[in-house]
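So you can see what is in the structure, the chains are spelled out below.
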Amino acid sequence: MSDGARVIVGVSGSLHSLTALHRAADEARDRGAVLVPVLAWTPAGGEYNYRLRPCPPLLRAWQALADARLDQALEEAFGGLPAGVRVEPLVVRGEVGPVLTALADRPDDLLVVGAGRHGTLRTTVRRLFQGGSVSRYCLARARCTVLAVPPSDLQADLRALRRGVDLRELDGLVAARAARAA
């Protein structure tokens, strides 16, 4: 195992982050590195609002929810902790991008983030209110190598199912994707 090598991955529990988590686990295994799945969280309403009206019991409840969400993400992705790799899960209070880039501070670290394909409205709203995507933030500011993982093709199929697309139409999409891949 490489001494001190780490693969740090942002995890939110979304399907997209689970795809990145799987890729990060593979990278950690291949590199003999420690896998560090990180869930960053902020109080509901943001840090500023919490500072105006602090409530320690509520803060402890949010921390417990964040801990449970990371545990659930690992359970959904691997059925627990992934096999064949040392894992050091971490829950941190703070904005996702700054937390991830602060943690991935060694030149031999690998930071894995999901790189989404979002619709125009969602992208516009995120840029206006959140300052852009986490992956862009990390790519611009990280002091180590960043691997931006695109969403799985299966996510598009799941979105189609949620919209109520006729399954026969989905079969056509799957066949077309297989033909392109061949």
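In the block above lies the structure referred to throughout.
Residues numbered from 1 in each chain as written. Predicted model: local features only at pLDDT ≥ 70, side-chain atom pairs only at ≥ 80, totals over all residues. Heavy atoms only, no water.

### Re the side chain of Glu-27
Here is step 1 of the chain: Inspection of the secondary structure puts Glu-27 in helix H1 (residues 15–31).
Here is step 2 of the chain: Given the relative accessible area of 14%, Glu-27 is considered buried.
Here is step 3 of the chain: If sequence neighbours within four positions are ignored, Glu-27 has contacts with Val-7, Leu-110 and Leu-147. (Helix = DSSP H or I, 4+ residues; strand = E, 2+ residues; numbered from the N terminus. Buried < 20%, exposed > 50% of the residue type's maximum accessible area, 1.4 Å probe, protein only. Contact = heavy atoms within 4.5 Å.)

### Things to note about the packing of aromatic side chains
Here is step 1 of the chain: All chains considered together, the criterion is met by one aromatic pair.
Here is step 2 of the chain: On the basis of an interplanar angle of 70 degrees and a centroid distance of 6.1 Å, the ring pair of Tyr-50 and Trp-62 is categorised as edge-to-face. Linking Tyr-50 in helix H2 (residues 46–52) with Trp-62 in helix H3 (residues 56–78), this pair joins segments that are 12 residues apart in sequence.
Here is step 3 of the chain: Taking the relative accessible area as the measure of exposure, Trp-62 reaches 17% and is therefore buried. (Phe/Tyr/Trp six-rings, centres within 6.5 Å; stacked < 30°, edge-to-face > 60°.)

### Concerning the side chain of Glu-47
Here is step 1 of the chain: With respect to the secondary-structure elements, Glu-47 resides in helix H2.
Here is step 2 of the chain: Every residue in contact with Glu-47, bar those within four places of it in the chain, is listed here: Thr-42 and Arg-93.

### Quick word on the environment of Arg-29
Here is step 1 of the chain: One can find Arg-29 in helix H1.
Here is step 2 of the chain: You can call Arg-29 partly exposed: its relative accessible area is 35%.
Here is step 3 of the chain: Between the C-alpha atom of Arg-29 and that of Gly-84, which follows or precedes it by 55 residues, the distance is 6.6 Å.
Here is step 4 of the chain: Ignoring any residue separated from it by four or fewer positions in sequence, one finds Arg-29 in contact with Pro-82, Ala-83, Gly-84 and Val-85.

### Quick word on the sheet that holds strand S3 (residues 90–93)
Here is step 1 of the chain: Here five strands make up an open sheet; going across it, the order is S3-S2-S1-S4-S5 and the pairing parallel. Among the strands making up the open sheet, the edge pair consists of S3 and strand S5 (145–149). Strand after strand, the sheet turns through a mean of 25 degrees between neighbouring axes, direction not considered.
Here is step 2 of the chain: Here strand S1 (residues 6–10) pairs with strand S2 (residues 34–41) via five bridges, running parallel. Bridging from a neighbouring strand, Val-7 pairs with Leu-35 of S2.
Here is step 3 of the chain: Sheet strands in contact with helix H6 (residues 134–141) are strand S4 (110–114) and S5, and its direction is about 155 degrees off that of S4. (Pairing = 2+ DSSP bridges. Axes fitted to C-alpha atoms, helices over the stretch in contact; angles between N-to-C directions.)

### Examining the pattern of salt bridges
Here is step 1 of the chain: Across all of its chains, the model carries seven salt bridges by this definition.
Here is step 2 of the chain: Here Arg-6 and Asp-109 are joined by a salt bridge, their closest N and O atoms 2.5 Å apart. Linking Arg-6 in strand S1 with Asp-109 in the loop between helix H4 (96–103) and S4, this pair joins segments that are 103 residues apart in sequence.
Here is step 3 of the chain: Note that Glu-27 is salt-bridged to Arg-23, the shortest N-O span being 3.3 Å. (Salt bridge = Lys/Arg side-chain N within 4 Å of Asp/Glu carboxyl O.)

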